[in-house]
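For reference, the chains in residue letters:
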Amino acid sequence: MFPSFLSKSYVLLASIALVGCETGYQPQSFAGGYSEVLTAPDEAVITFSGNGFTSGERVLKMAALRCAEVTLAHGYRYFVETGASHLGTQSSFTTPSYAQTYCNPTAFGTFAIGTASTPYIPPQQFYVYKPALTVSIKMSNDRKALEPYGMVINGRKVRR
């Protein structure tokens, strides 16, 4: 058995490793992240993609943060969402089944006896959901100029 301080260290390291698995706030990479395209001087499309450890709520918050950063980076103070699209994907994978035999022989000269066991592990299927969101925004330095714009959800304009 490990000394208690070692087992606590392993638990702490494992916790840190698991927290680090979700997508961080970073440019788009293999593990997810943000990207943006300026479609006009005052319009942009921002996408944030998560990995299988990232919650939908985190993707929403990170997309909103990127919208604010893009707005400020282009010299504007305000933005309004003009549309949003869900781009999440779900996939699955199946682990192979396997069996392994364990023997415990006992020898008595030229004679041996013992026990053997063969546990069977069946295949297992896992589902992975990777949330992603694309948000279109209109930017301005005049808050009133953005009032006619509203977010479009399911083809209908939503006023705030």
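Above this text is the structure in question.
Residues numbered from 1 in each chain as written. Predicted model: local features only at pLDDT ≥ 70, side-chain atom pairs only at ≥ 80, totals over all residues. Heavy atoms only, no water.

K.L.:
In this structure, what is going on with the packing of aromatic side chains? I would like to understand it.
P.N.:
For any pair of aromatic rings, the description consists of the separation of the ring centres together with the inter-plane angle of the planes. Considering all chains together, one arrives at 2 aromatic pairs under this definition. Between Tyr25 and Tyr34 the ring centres are 4.9 Å apart and the planes differ by 40°, which places this aromatic pair in the tilted class. On the accessibility criterion, Tyr25 (27% relative accessible area) is partly exposed. Ring centres of Phe93 and Phe126 lie 5.3 Å apart, and the angle between their planes is 25°; this geometry places the pair in the stacked category. Taken as a pair, Phe93 in strand S4 (residues 89-95) and Phe126 in strand S9 (residues 124-130) lie far apart in primary sequence, 33 residues in all. (Phe/Tyr/Trp six-rings, centres within 6.5 Å; stacked < 30°, edge-to-face > 60°. Buried < 20%, exposed > 50% of the residue type's maximum accessible area, 1.4 Å probe, protein only. Helix = DSSP H or I, 4+ residues; strand = E, 2+ residues; numbered from the N terminus.)

K.L.:
Help me understand the pairing of strand S10 (residues 132-140) in this model?
P.N.:
Every other side chain in a regular strand lies on the same face of the sheet, so the side chains alternate between the two faces. Counting buried residues in S10 gives 8 out of 9 residues, a clear majority hidden from the surface. The pairing of strand S2 (residues 43-49) with S10 spans 7 bridges and is classified as antiparallel. Its bridge partner lying in S10, Phe48 is registered against Leu133. Bridging between strand S3 (residues 78-86) and S10 involves 8 bridges; their strand directions are antiparallel. Bridge pairing links His86 to Leu133 in S10. (Pairing = 2+ DSSP bridges.)

K.L.:
Looking at this model, I keep getting lost on the side chain of Lys138. Mind explaining?
P.N.:
Mapped onto the elements, Lys138 comes out in strand S10. Exposure remark for Lys138: the relative accessible area of 11% places this residue in the buried category. In this structure the side chain of Lys138 is engaged in a polar contact, spanning 2.7 Å, whose partner is the side chain of Asp42. Within the structure, Lys138 has its side chain in polar contact with the side chain of Glu43 (distance 3.4 Å). (Polar contact = N/O pair within 3.5 Å; in protein donor to acceptor, adjacent residues only side chain to side chain.)

K.L.:
Can you walk me through helix H2 (residues 56-73) in this structure?
P.N.:
Since the α-helix packs 3.6 residues into each turn, any two residues three or four apart lie on the same face. The terminal C-alpha atoms of H2 lie 26 Å apart, and with 18 residues this matches the ideal 26 Å at 1.5 Å per residue to within 8%. Along H2, the positions that sit buried rather than exposed are Val59, Met62, Ala63, Arg66, Cys67, Val70 and Thr71. Residues of H2 that are buried make contact with strand S1 (33-40), S2, S3 and S10. Gly75 sits one or two residues past H2 and shows a positive phi near 85°. (Expected span 1.5 Å × (residues − 1). Contact = heavy atoms within 4.5 Å.)

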